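# A look at the structure
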Amino acid sequence: MPDKRRSRIANKECSVARAMEVVGDRWSILLLREAYYGVRRFDEFQHYVGVAPNILSTRLKKFVEAGLMTRVPLPEHAGRYEYVLTEKGRGFFPAYLALKKWGDDWLAEPAGPQVVFRDRESGRPIAYPDLQSPRGTPLRLEDVEVVPGTGAVAFNRKRFGDRVDDEAGASRAKAARIPRKRS
């Protein structure tokens, strides 16, 4: 099999490539931003994002099919719907925050970011945690070794070495072996 085809297969299996299929365009990220701000209706998404109706419809359909949102009928308007984040859609929020922080740090206007997040209870700003190495030092790219995971295709096993990081796989296997109590 030619290397190009193998790399395409590896990309198809890659978690990042799969995530990009769902959220990897400008409109998708901006629609998720608005959903995190509390927007639920088609016309509100269109107003706040400034996206054409056909693009908006396609992206919202994609989010529903991918399980990031669910479409809920509006009782007061027959034939109209709200788009509500699912647990999967809410699960993307930390990734959105990381992207927002990077934009605020590197691309915001000198006056500062347009929007900040505060804790509802205390009113204090949300603290963005720094990623740390197992030694407790700030994580740098130079500190990271890329090794194949338990789900790695042959292309990536060859590319990153045959030593598989089986820590996650071992935890899943151990959990599968633990007998469950019968009720």
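Scanning the protein for helices and strands turns up 9 helices and 2 strands. Taken from N to C terminus, the helices and strands of the protein fall in the order α-α-α-α-α-β-β-α-α-α-α. Burial analysis of the protein (183 residues in total) assigns 22% to the buried set. Expressed as a percentage of contacts within the protein between residues at least 6 apart in sequence, the contacts between residues at least 24 apart total 37%.

Where side chains of opposite charge bring their charged atoms close, a pairing between them can arise. Tallied over the entire structure, the rule returns 10 salt bridges. Across the salt bridge formed by D43 and R80, the nearest N and O atoms sit 3.9 Å from each other. Of the two residues, D43 sits in helix α4 (residues 42-49) while R80 sits in the loop between β1 (69-73) and β2 (81-85), which places them 37 residues apart along the sequence. Look at D43 and you get partly exposed, because its relative accessible area is 33%.

This part takes up the environment of F92. Structurally, F92 is set in the loop between α6 (87-91) and α7 (93-106). Distance from F92 to L68, taken between C-alpha atoms, is 8.7 Å for residues 24 residues apart in sequence. Not counting chain neighbours up to four residues away, the residues in contact with F92 comprise V23, I29, L32 and Y36.

The contact between helix α3 (residues 26-36) and α4 brings their axes to 10 Å, and the two run at 115 degrees. In terms of orientation, α3 and α4 fall into the roughly perpendicular class. When you trace α3 past α4, the crossing you get is right-handed. Side by side, α3 and α4 meet where W27, L30, L31, R33, E34 and A35 of the first sit next to F45, Y48 and V49 of the second. Looking at the contact of α3 with α4 residue by residue, the class counts come to 7 nonpolar, no polar and 2 charged.

Rules used throughout
Residues numbered from 1 in each chain as written. Predicted model: local features only at pLDDT ≥ 70, side-chain atom pairs only at ≥ 80, totals over all residues. Heavy atoms only, no water. Helix = DSSP H or I, 4+ residues; strand = E, 2+ residues; numbered from the N terminus. Buried < 20%, exposed > 50% of the residue type's maximum accessible area, 1.4 Å probe, protein only. Contact = heavy atoms within 4.5 Å. Salt bridge = Lys/Arg side-chain N within 4 Å of Asp/Glu carboxyl O. Axes fitted to C-alpha atoms, helices over the stretch in contact; angles between N-to-C directions. Parallel < 35°, antiparallel > 145°, perpendicular 65-115°, else oblique. Left-handed = near helix turned anticlockwise from the far one by under 90°. Nonpolar A, V, L, I, M, F, W, Y, C, P; charged D, E, K, R; others polar.

Such coordinate-based values are descriptive only and should not be taken to indicate function.
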